[in-house]
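Here is what each chain is made of, one letter per residue.
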Amino acid sequence: MDLSLTDDQVAILDAIDTLSRPYAGASLHEAGFALPDAQLDRDLAEGGFLDIGFDPDLGAVSAALVVERLARLPQTVEAAASALIRPLLGDDLPRPLCLVEEGRTTRPVRFLREGATVLLVGPSGVSTFTATAAQVRAEAQALYGYPMATLLDVPTDRTSHAIPASQVLTRWRIALAAEAAGLLAAALDSTVAHVTDRQQFGRSLATFQALRHRLAEAQVRANGVRWLALKAAATLNPGDAALAALHAQESARATVYDFHQFFGAMGVTLEHPLHLWTYRLKALIGDLRGRGGQALAAAEALWG
Amino acid sequence: MDFDWTEQETAFRDRLRRLLADTLPDDWERFSQHGPASPALTKFAESFCGTLAEQGLLIPHWPEALGGQGLDPWHQTILAEEMWIAGEPRGGQYMNVNWIGPTLIRYGSPDQQARYLPPIAEGKALWCQGFSEPGSGSDLASLRTRAERDGDTYRVNGQKIWTSYAGLADTCFLVCRTSDDRKRGISILLVPMDTPGITVRQIPSLIGEGDIHEVFFDDVTVPVTARLGDEGQAWEIIGYSLTNERLGIPRYALARAALDRAVAVLKAQSEFDGEAVKIEAAHAAALAEAARMASYAIVDRRAKGEAIGAESSSARFATVMAERRVCEFIVEYLPEALADAHPYLKMHHQRGIVAGIAAGAAEIQLNIIATDVLKLPREPR
Ligand SMILES: Cc1cc2nc3c(=O)[nH]c(=O)nc-3n(C[C@H](O)[C@H](O)[C@H](O)COP(=O)(O)OP(=O)(O)OC[C@H]3O[C@@H](n4cnc5c(N)ncnc54)[C@H](O)[C@@H]3O)c2cc1C
C-alpha cells in the first residue's frame, strides 16, 4: 500500500488549483442556489482534466481526486460523471453527462439541458441519448446546488452500450462519494472559518465544546468518505463502491444541518456561500435510492 | 496511490493465519472468553508467545540488533490485526511488544534494555501500565502519585487505578510525580511488582475477570537507576508510547470480523432476508471500513517515517463509531450472542465497550481533532 499521491497526481491537482484560482474571486453574493460556470467548465474540458479517467496509467483514482478537488470550488461543474463514468462509454459523447436511474426518470436530473447526454442505467441495461429541448423542463427554482431539470420524455430510440449496468452503478457510487468528499471538506472548512471568526459571549464560537465536538465528528466523517471513495476508485469493487456511497450519503445527512446551524441566521442567507456546497450534498443524498439503496447494494456485494 | 498489499505482506498474513490455525486449541473461541488479563489466558499466552518467538513472529517489527527483523509498520499492522481478530492469544503481552518494548528501545538505559528486552522478546514478560489514578483520568497531568528522591532511591507513595494486568504482571511502567511542575514534574519508573509496599486489588468489571485493578504504593523504594529517561521527561515519553499504543489495537478489524460472523449466523438461520437487517449491517460495515482506511492512512505515514499528529485521534474516533455500530447491530439482531450461543461474538461484545474509554476517551479525541486538525482556537480553561 502507498497512500501518497503520485507525482502525476500532485501535478494534476496543482494544475487544477492554478486553473481555478482566477475563479476564486467570483462574486458569490449574487449566486442563487447553484453557481454554474460555463467558462470554468470549458477551461477544465479543454485542459483535459475531465478526460483523465481515459488514461489507463492515471485511471479512476486520479479521476476521483480531480472530482474531489473540483467539488471544493463554490462553482459547480459537471465533473463527476464525465470523469468517472464517461471512460466506460467513449469520449465522443457530448457533455454534460447526466445520470438517470431506470424507474426513477421523473426525478430532477443534475445538469440536464438541451444537448446534454442522458445516461439511463438499470435492469434493462445501459443506454444514452442526446436530450432535445422538448424533453427537458428546467427547474430554475429547485432548492439544490446544481442546475436541475426534469426529463419529460425518455425516447425509445437510444444508443445502447454493451457494458453491464453494474459497472456503471459502481462508478456512479464512486463518483458520488468522491464529489461528496470534496463538498464535505469545503463545507467543513467554511464552517470552521466562520465559527473561528464569529464572537459571542466575549469569545469565539469555536471555543464552545458543543460546536467543537460536532465539527470534529464531521472531520472524522469527511476523512472517512474521502478514503473510502479513493479506495473504491482503486479497486472498482461493487462492495467498496456501495460502502463509499453509503458513508457519503450518511455523512452528508449527519452534517449538513449542523453546518448551517453553526452559522446562525447567516447560514440561511444567499449572501454566504455555504449552501453552494451543502445544497449539492442534499442532491447527492437522494441518488440511487438514498442510503437504503446503497446499504442494500453493499449488503448484496458483501454478503450475497 | 496504491491500495494493494504487496506479495510479501500477503504471505506474511497467510503465514500468521496458518500459525493461528495450527496453534490455537479447538475450543479456543470459548476459551478466549477469558479476558486477555485472566489467569487462564495469561498462562496460555506464555506458551503461545513462546511459539511466536521461536518463529520470529513475536517482535518482527523490532530492529534486527534486538532480535527483530526490522519489518515495517504495515507488517506490524497485519500482525496486530490477525492477533486481535483471533481474540488476542498473546494476552497482555501484546502491550509489551507493541509499545513497552519500543519505548524501552528508544529511551531505556543499556542496563534497562539488557534486563527487560530479552524477556519481552522471548514471550516471558508481563507488564502493566500505571498511568490513571482515582483523581486523574483524562487529565493525566494532574496525577499525584509521588516519588520522593532520597539519595540513590525514590520512595513512592500513591495509588493507581484501572491498571490492566496488574494482578499477574511482573513489572509496572509507573508514571509518577517527581516535582510540582504539572507536566515537567512527571517521571517514569520501571518497578518490579514484587517490590515491598505494592498492593494490588482486582476490580470486578463488565469486561471479564482479571482486567482492571487498583494498585497501592505505600513507601515503595525504587532505585534511581529504575527511572526511564530523565527526571521530568515522562510527558515526552508517554506521547511516544501512546502513538504506538493507539495503533496497536486495530479494533476496526475485529469489529468487521464480528460483523461478518454475525451476518453468517443470521444467514444460516434465514434471518438475513429483511431490508432493515441488511441496511443496518451495511452501515456498520461502512463505519468499520472507514475506520480501517483512516488507520491505514496513519500507518502509511509511519511507514514513510513522517510525524503523526492529531490525525491518529481521527482514526481512533472513527474506530469508536464502528465498534459501537457493530455492537448495536448484534444486540438488536442477534441477541443470543450475548448469552452463550456464539462465543466469538460474545467476546467481541464484552470487550467492545471499552473502545471509547481506554487509551484516551472518545471526547478527548474530539478535543484533539478540534484543536490540532481543524485548528479551532482552544477552549478557555
Ligand atoms: C478496560 C480498561 C483498561 C484500562 N487500562 C488501563 C491501564 O492499564 N493503565 C492505566 O493507567 N489506565 C487504564 N485505563 C484507564 C483509562 O486510561 C481511562 O479510563 C481513561 O483515560 C479515561 O479516564 P477516566 O476513566 O478517569 O474518565 P474521565 O476522565 O473521568 O472521563 C469521563 C468522561 O468525561 C469525558 N471528559 C473528560 N474530560 C473531558 C473534556 N475535557 N472534555 C470533554 N469531555 C471530557 C471523557 O471523554 C469521558 O467520556 C483503562 C481503562 C479501561 C476501561
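All values reported here derive from a predicted model rather than from experimental measurement.

Asker: Give a description of the overall build of chain B that names residues and reports values.
Answerer: Helix and strand counts for chain B stand at 12 helices and eight strands. In summary, chain B has a C-alpha radius of gyration of 21 Å against a globular reference of 21 Å for 381 residues, a match within 12%. Considered along the principal axes of its C-alpha atoms, chain B spans approximately 70 × 50 × 45 Å. Counting the 381 residues in chain B, one finds 58% classified as buried. Excluding contacts between residues fewer than 6 apart, the proportion of contacts in chain B whose partners are at least 24 apart in sequence is 72%. For chain B, the accessible surface area stands at approximately 15,600 Å², while carbon and sulfur atoms represent 50% of it. Mean positive and mean negative side-chain charge positions of chain B (39 and 53 charges, respectively) differ by 4 Å.

Asker: Explain the domain arrangement of chain B residue by residue, including any values.
Answerer: All names here are of chain B. On domain assignment, one finds that chain B holds domain 1 (7-125), domain 2 (129-232) and domain 3 (246-373). Using C-alpha coordinates to define each centre, domain 2 is positioned 31 Å away from domain 3. Taken together, the contact pairs four residues of domain 2 with six residues of domain 3. Around 360 Å² of area is buried between domain 2 and domain 3 when both sides are counted, 69% of it from carbon and sulfur atoms. Summed over the three residues of domain 2 that lose the most area to domain 3, namely Ser 138, Leu 206 and Ile 207, the buried surface amounts to 94% of that side. There are one residue pair in polar contact (both at pLDDT 80 or more) connecting domain 2 and domain 3. A breakdown of the residues in the side of domain 2 that touches domain 3 according to their chemical character gives two nonpolar, two polar and no charged.

Asker: Explain the sheet that holds strand β2 (residues 109-110) of chain A to me, using residue names and the numbers behind them.
Answerer: Through backbone hydrogen bonds, the strands of a sheet pair up, either in parallel or in antiparallel fashion. Residue and element names in this part refer to chain A. On the basis of which strands lie adjacent, the open sheet formed by three strands has the order β2-β6-β5 and antiparallel pairing. At either end of the open sheet lies a strand with only one pairing partner, and these are β2 and β5 (136-138). Sheet analysis places β5 next to strand β6 (residues 148-151), joined by three bridges and oriented antiparallel. What sits directly across from Val 136, in β6, is Leu 151.

Asker: So, the packing of aromatic side chains: which residues are in play, and what are the values?
Answerer: Residue and element names in this part refer to chain B. Tallied over the entire structure, the rule returns 21 aromatic pairs over all chains. Relative to Phe 31, the ring of Trp 28 has its centre 6.0 Å away and its plane inclined at 40°; by these criteria the two rings are tilted. Remark: Phe 31 and Trp 28 occur in helix α2 (residues 28-31); sequence separation between them is three residues, near one turn of the helix. An aromatic cluster of three or more residues is present, and its members are Trp 5, Trp 74, Tyr 252 and Tyr 296.

Asker: Give a detailed account of the interface of chain B and chain A, specifying residues and quantitative values.
Answerer: At the interface, 48 residues of chain B touch 46 residues of chain A. Of the roughly 4,200 Å² buried between chain B and chain A, counting both surfaces, carbon and sulfur atoms make up 70%. Inspection of the region where chain B meets chain A yields two salt bridges. A salt bridge links Arg 212 of chain A to Glu 379 of chain B; the nearest nitrogen and oxygen atoms lie 3.8 Å apart. The biggest single contributor to the side of chain B that touches chain A is helix α9 (residues 275-303) of chain B, with 16 residues. For the side of chain B that touches chain A, a count of residues per class yields 29 nonpolar, four polar and 15 charged.

Asker: I'd like a rundown of the site of the ligand, residues and numbers included.
Answerer: The full set close to the ligand counts 19 residues, and Gln 129, Ser 132, Ser 138, Trp 162 and Glu 363 of chain B are the nearest of them. Around the ligand, the nearby residues trace back to chains A and B. In this structure, an oxygen atom belonging to the ligand sits 2.9 Å away from a main-chain N or O atom of Phe 131 of chain B. Between Ser 138 of chain B and the ligand, the recorded distance is 2.6 Å, taken from a side-chain N or O atom to an oxygen atom. Take the shell around the ligand: its biggest share by element is three residues, from helix α12 (residues 362-373) of chain B. Considering only residue class, the shell around the ligand consists of 10 nonpolar, eight polar and one charged.

Asker: Could you give an account of helix α3 (residues 39-54) of chain B, with specific residues and numbers?
Answerer: For α3 of chain B, spanning 16 residues, the distance from its first C-alpha to its last is 23 Å, which sits close to the expected 22 Å at 1.5 Å a residue. All of the buried residues along α3 of chain B are Leu 41, Thr 42, Phe 44, Ala 45, Phe 48, Cys 49, Gly 50 and Leu 52 of chain B.

Asker: Could you give an account of the nonpolar core, with specific residues and numbers?
Answerer: In this structure, Leu 104, Trp 127, Phe 173, Ile 188, Leu 259, Phe 329 and Ile 330 of chain B are the most contacted members of the largest nonpolar core, which totals 101 residues. The leading source of residues in this core is helix α8 (residues 251-268) of chain B, at nine residues. Grouped together as the second largest cluster of nonpolar side chains are 96 residues, Leu 65, Leu 120, Val 220 and Ala 229 of chain A included.

Asker: Report on a nonpolar patch on the surface, specifying residues and quantitative values.
Answerer: Judged by side-chain polarity, Phe 33, Leu 143 and Leu 270 of chain A come together as a nonpolar surface patch covering roughly 260 Å² of accessible area. Tracing the sequence through the fold places Phe 33 of chain A in the loop between α1 (7-24) and α2 (38-46).

Asker: So, the UniProt feature "domain: Acyl-CoA dehydrogenase/oxidase C-terminal" (unreviewed entry) in chain A: which residues are in play, and what are the values?
Answerer: Summarizing the sequence annotation, UniProt attributes the feature "domain: Acyl-CoA dehydrogenase/oxidase C-terminal" (unreviewed entry) to residues 167-280 of chain A in the numbering used throughout. The distance from the first to the last C-alpha atom of residues 167-280 of chain A is 24 Å, and the span holds 78% helix and 4% strand.

Asker: Describe the pattern of salt bridges, with residues and values.
Answerer: All names here are of chain B. Inspection of the entire model under this criterion finds 41 salt bridges over all chains. When the shortest N-O distance is used, the salt bridge between Glu 214 and Arg 201 registers 3.5 Å. Placement of the pair is Glu 214 in strand β7 (residues 212-223) and Arg 201 in strand β6 (residues 198-203), with a sequence separation of 13 residues. By relative accessible area, Arg 201 is classed as partly exposed at 48%.

Asker: Tell me what's going on with unusual backbone geometry, and back it up with residues and numbers.
Answerer: Arg 95 of chain A connects to Pro 96 of chain A through a cis peptide bond whose omega is -5°. You can see Pro 96 of chain A is positioned in the loop between α5 (86-89) and β1 (97-101). The phi angle at Leu 236 of chain A is positive, at roughly 50°, despite the residue not being glycine. Looking at where Leu 236 of chain A falls in the secondary structure, it is placed in the loop between α7 (209-235) and α8 (238-261). One non-glycine residue with positive phi stands out, namely Trp 162 of chain B, at about 65°. Tracing the chain through its elements places Trp 162 of chain B in the loop between β3 (153-161) and β4 (171-177). A residue is classified by how much of its surface remains accessible, and Trp 162 of chain B, at 48% relative accessible area, is partly exposed.

Asker: Talk me through the sheet that holds strand β3 (residues 117-122) of chain A; I want residue IDs and the actual numbers.
Answerer: All names here are of chain A. With mixed pairing, four strands are arranged side by side in an open sheet as β1-β3-β4-β7. Since the sheet does not close on itself, it has two edges, and those belong to β1 and β7 (159-161), each with one partner. Put simply, the sheet's adjacent strands are angled 25° from each other on average, direction ignored. For strand β4 (residues 125-130) and β7, the ladder comprises three bridges, and the chain directions are antiparallel. Bridge pairing in β7 places Thr 128 opposite Thr 159. Across the sheet, helix α6 (residues 165-197) lies against β1, β3 and β4, angled at about 115° from β3, the strand it touches most.

Here is what the cut-offs are and how they apply
Along each chain, residues carry numbers from 1 onward, in the same order as the chain's sequence is written. Naming scheme: in the order in which they are written, chains are lettered from A and ligands are numbered from 1. The predicted origin of the model limits local features to residues at a pLDDT of at least 70 and limits the giving and counting of side-chain atom pairs to 80 or more, whereas totals for whole chains, interfaces and linings rest on all residues. As a rule here, side-chain values come from all non-hydrogen atoms in the structure, and water together with hydrogens is ignored. Strands are runs of DSSP state E lasting at least 2 residues, helices are runs of H or I lasting at least 4, and numbering of each runs from the N terminus. The globule rule is 2.2 Å times the number of residues to the power 0.38, and the radius of gyration it is compared with is taken over C-alpha atoms. Burial status follows relative accessibility: with a 1.4 Å probe on protein chains alone, a residue under 20% of its type maximum counts as buried, one over 50% as exposed, and anything between as partly exposed. It only takes one pair of heavy atoms within 4.5 Å for two residues to be counted as in contact. In this description, accessible areas are obtained by the Shrake-Rupley approach with a 1.4 Å probe, and a residue is regarded as covered only by the protein chains that are shown. Two residue types count as positive, namely Lys and Arg, and two as negative, namely Asp and Glu; His and chain ends fall outside the count. For the purpose of locating charges, the reference atoms are NZ of Lys, CZ of Arg, CG of Asp and CD of Glu. Domain borders in the structure are assigned automatically or taken from a domain database. Note on definitions: buried area is the accessible-area loss of two parts on being combined, 1.4 Å probe, summed for both. Two N or O atoms form a polar contact when they lie within 3.5 Å of each other; inside protein one atom must be a possible hydrogen donor and the other a possible acceptor, and for residues adjacent in sequence the pair counts only when both atoms belong to side chains. In the scheme used here, Gly and all other residues not listed as nonpolar or charged are polar, with Ala, Val, Leu, Ile, Met, Phe, Trp, Tyr, Cys and Pro taken as nonpolar and Asp, Glu, Lys and Arg as charged. By definition, two strands form a pair when at least two bridges between them are found by DSSP. Only centres within 6.5 Å qualify two rings of Phe, Tyr or Trp (six-membered ring in Trp) as a pair; their planes then separate them into stacked at under 30 degrees, edge-to-face at over 60, and tilted for everything else. For this analysis, a salt bridge means a side-chain nitrogen from Lys or Arg found within 4 Å of a carboxyl oxygen belonging to Asp or Glu. In this text, near means that some heavy atom of the residue lies within 4 Å of the molecule or strand in question. Take the number of residues in a helix, subtract one, and multiply by 1.5 Å to get its expected span. For our purposes a nonpolar core is just a set of buried Ala, Val, Leu, Ile, Met, Phe, Trp, Tyr and Cys residues, chained together by side-chain atoms within 4.5 Å. Patch definition: residues above 30% relative accessible area lacking any salt bridge, with like charges linked at up to 9 Å and the nonpolar side chains Val, Leu, Ile, Met, Phe, Trp and Tyr linked at up to 5 Å. UniProt positions are given in the numbering used here, feature names are shortened, and annotations may be inferred rather than shown by experiment. Lines fitted to C-alpha atoms define the axes here, with helix axes fitted over just the stretch in contact, and angles between the N-to-C directions of these axes take values from 0 to 180 degrees.

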